[in-house]
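# Summary of the model geometry
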Amino acid sequence: MSAATTRSRTPRTPDRLCVEAVELARAAAEEAAFPGVVGAHVSAVAEGDRVVTHFFESKEPGYRGWRWAVTVTRASRAKNVTLDETVLLPGDDALLAPEWVPWSERLRPGDMGPGDLLPTDAEDLRLEPGWSGEDTPPPNSVVSTEMAELVEAEDADVTDRAVVPVRGSITSVAEELGMRRARVLSRYGLHTAADRWDESFGAKTPMAQAAPASCVSCGFLVAIGGSLGQAFGVCANEFSPADGRLVSLSYGCGGHSEAAVMPAPLRPAPPVLDSMASDEFTLRPAPDTGSVPVSESDLPAADLGHS
């Protein structure tokens, strides 16, 4: 190990004159703040050759645990200590503001109010391009040549909603399926929405666990279209906690339409108490159990031949 490496790892000895300049450092801290908020001297730390930082407690309201740090130094072979820097720094137990988070990550469901706008990222994984009408049918499409010409002549711009598509055309089918938009839900967007809804109104909720049956057999369930209709529906029971909400078909509550005609759960038979018979209890353990030694008084009387 070289001598330079040894010197770099050896703790520096604070300069004596810089360490003794406590009053100079306090005056600088009080000038940066104002008198009365600079507390007691905490420590002095060597920052380099003839460079020392003095730490003072901060009594300013709202800065609990913070410290005033005043750095002083002196030139080589000089006896005058000069001021280098004054700053307010947090300590180990300082009260700090939380780390700044972008608004897009701070936003939570229910935060939007009237007039608020939430721009969607162009690369949002929850969305994918919809059908614009510019795609030509594939070679193996079932659309006839005449129908393809009709679709090509038809205005299918997604921004023009006043044009009514011709019945039976690709545009009309896209309109019916909800695909005639600039962007539609992607598979990832469908899965994240399904997971979110199932967490609130799914089979694992306490309400569904205690329900007599699931929503798939309830008359108050309103079916929805699309692929999500295979797993979700809308509750139309005003007395249900999920009224007007999208619920999983495996969800359930006590307001099931057939709850009144469902068989009641089996109840255990009431206990039978027999007060006419007596139970025999042994007052002494049996001799053959070996729990107590057998004495002569416990032995049976000998047969003397008396009738």
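These remarks concern the structure in this document. (Residues numbered from 1 in each chain as written. Predicted model: local features only at pLDDT ≥ 70, side-chain atom pairs only at ≥ 80, totals over all residues. Heavy atoms only, no water.)

Attention now goes to helix 7 (residues 187-200). Between its first and last C-alpha, helix 7 extends 20 Å over 14 residues, near the 20 Å set by a 1.5 Å rise per residue. Of the residues making up helix 7, those classed as buried are Gly189, Ala193 and Ala194. All buried residues of helix 7 lie within an arc of 130 degrees about the axis, which places them on one face of the element. Facing away from the buried side of helix 7 by more than 90 degrees, the exposed set consists of Arg187, Asp195 and Glu199. On its buried face, helix 7 is in contact with strand 6 (183-185) and strand 8 (232-235). (Helix = DSSP H or I, 4+ residues; strand = E, 2+ residues; numbered from the N terminus. Expected span 1.5 Å × (residues − 1). Buried < 20%, exposed > 50% of the residue type's maximum accessible area, 1.4 Å probe, protein only. Arc of directions from axis to C-beta. Contact = heavy atoms within 4.5 Å.)

Attention now goes to empty space enclosed by the protein. Inspection of every chain in the model, using the stated rule, returns one cavity of 30 Å³ or more. In this structure, the largest cavity encloses a volume near 80 Å³. (1 Å grid on protein atoms, 1.4 Å probe; cavity = no way out; pocket = protein on both sides within 12 Å on 5 of 7 lines; lining within 4 Å. Points joined across faces, edges and corners; volume = space filled by probe spheres on them.)

Read from one edge of the open sheet, three strands run 7-8-9, paired in antiparallel fashion. Each edge of the open sheet is held by one strand with a lone partner, namely strand 7 (221-223) and strand 9 (246-248). On average, adjacent strands in this sheet sit at an angle of 50 degrees to one another, irrespective of strand direction. Summarising the sheet, strand 8 and strand 9 pair through three bridges and their orientation is antiparallel. What sits directly across from Val234, in strand 9, is Leu246. (Pairing = 2+ DSSP bridges. Axes fitted to C-alpha atoms, helices over the stretch in contact; angles between N-to-C directions.)

Moving on, we get to the side chain of Ser240. With respect to the helices, strands and loops of the structure, Ser240 is situated in the loop between strand 8 and strand 9. Residues in contact with Ser240, not counting those within four places in the same chain, are Cys235 and Cys253.

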